[in-house]
Structures are given as structure tokens and as C-alpha cells.
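# Architecture at a glance
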Amino acid sequence: MNPYVPLLIMIAAAAVIALGGLVASAIFGPKKYNRVKVMNYECGVEATPNGGSSRRFPVKYFLTAMTFIVFDIEVVFLYPWAVAHDQLGLFGLLAMATFVALITVPFIYEWRRGGLDWSE
């Protein structure tokens, strides 16, 4: 058997599930729309009709998103390393130490910008 067959089966199954969810949502989902439902929602900030504003835009939402991205990327790379750390040897240890040192830079940046201060 071709080694790519299981991968193709998995991709096909994922596509069927994704498209099936979209089709089911379109068929069974609510069809009643009102003015509030179709309004733009931008992280708790009232949308302006002209698209611009003279006041400052709060960046708390984006700092929270950046926290998620930084820690998500960290987990994505650290989990496989943790599974196979004994097979990688010293090179794997040095590569992960370098990665953790580099991922610390955006963490410190966000910490300094107040992204981890949840009291505000």
C-alpha cells in the first residue's frame, strides 16, 4: 500500500467533516436576522460609521491574542520535543534551549506592555 493513502484518507475525512458542518449550519441554522445581529462587533468597541476615530484604540484585545499565539507556538514546538527528547540528544537540548530563549523575548515584551495585567 502507498504510504500516502492514510494521509489522503485523513485529509478527505477532515474535508468532509468541515464541509458537512458548513452545510448543516446553513440548513439547520436560524434564519431570522435583525439589525443587532448584522452589526459589526469589534472586541467591545463601538464601531464608527466613518471607519476612523480620533480617540485611542485599546490594544488589550490584541495583547491577549498575542499571548495566545506566543504560548500556542511554544506548546506546538515543545510537545514533540518532550515526546522524543531522549532520541534527540545534545543537539535537541540545545535547539530547545535556543527556542525557549527566543520565545522569552515576546513574552517579556508583552509583560512590559501590560498584556498580563488582567485587572484593567
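What counts, and at which threshold
Residues numbered from 1 in each chain as written. Predicted model: local features only at pLDDT ≥ 70, side-chain atom pairs only at ≥ 80, totals over all residues. Heavy atoms only, no water. Helix = DSSP H or I, 4+ residues; strand = E, 2+ residues; numbered from the N terminus. Buried < 20%, exposed > 50% of the residue type's maximum accessible area, 1.4 Å probe, protein only. Phe/Tyr/Trp six-rings, centres within 6.5 Å; stacked < 30°, edge-to-face > 60°. UniProt positions renumbered as here; feature names shortened; annotations may be inferred. Patch = residues over 30% accessible without salt bridge, like charges linked within 9 Å, V, L, I, M, F, W, Y side chains within 5 Å. Areas by Shrake-Rupley, 256 points an atom, 1.4 Å probe, with all protein chains shown as cover. Salt bridge = Lys/Arg side-chain N within 4 Å of Asp/Glu carboxyl O. Expected span 1.5 Å × (residues − 1). Contact = heavy atoms within 4.5 Å. Axes fitted to C-alpha atoms, helices over the stretch in contact; angles between N-to-C directions. Parallel < 35°, antiparallel > 145°, perpendicular 65-115°, else oblique. Nonpolar A, V, L, I, M, F, W, Y, C, P; charged D, E, K, R; others polar. pLDDT = per-residue confidence, 0-100.

This part is about the environment of Val100. Its location among the elements puts Val100 in helix H3 (residues 85–113). We classify Val100 as partly exposed; its relative accessible area is 33%. Between the C-alpha atoms of Val100 and Glu74, which are 26 residues apart in sequence, the distance is 7.9 Å.

What follows concerns the packing of aromatic side chains. One pass over the full model with this rule turns up three aromatic pairs. Here the aromatic rings of Phe71 and Phe107 are separated by 5.8 Å at their centres, their planes lie at 70°, and the arrangement is edge-to-face. One end of the pair, Phe71, is in helix H2 (residues 60–83); the other, Phe107, is in helix H3, with 36 residues separating them in the sequence. A residue is classified by how much of its surface remains accessible, and Phe71, at 33% relative accessible area, is partly exposed. By the ring-pair criterion, three or more aromatic residues cluster together here, those being Phe71, Phe107 and Trp111.

This paragraph deals with the UniProt feature "transmembrane region" (unreviewed entry) in the chain. This chain's UniProt record puts "transmembrane region" (unreviewed entry) on residues 6–29, 61–82 and 88–109. Taken end to end, residues 61–82 is 100% helix and 0% strand, and its first and last C-alpha atoms sit 31 Å apart.

Here we come to a nonpolar patch on the surface. Taken together, the side chains of Tyr4, Leu7, Leu8, Met10 and Ile11 present a nonpolar region at the surface, about 560 Å² in accessible area. Checked against the element boundaries, Met10 lands in helix H1 (residues 5–28).

All right, on to H2 then. Compared with the 34 Å implied by 1.5 Å per residue over 24 residues, the 35 Å span of H2 between its first and last C-alpha is a close match. Taken together, the buried residues of H2 touch H3.

Where H2 contacts H3, the axes come no closer than 10 Å and their chain directions differ by 170°. Here H2 is positioned roughly antiparallel relative to H3, judged by the angle of their axes. Looking at the contact of H2 with H3, its residues break down into 19 nonpolar, four polar and four charged.

Let us now look at the confidence of the model for the chain. When pLDDT is averaged across the chain, the result is 81; 82% of the residues are at 70 or more. Element-level mean pLDDT values for the chain span from 82 in H2 up to 95 in H1.

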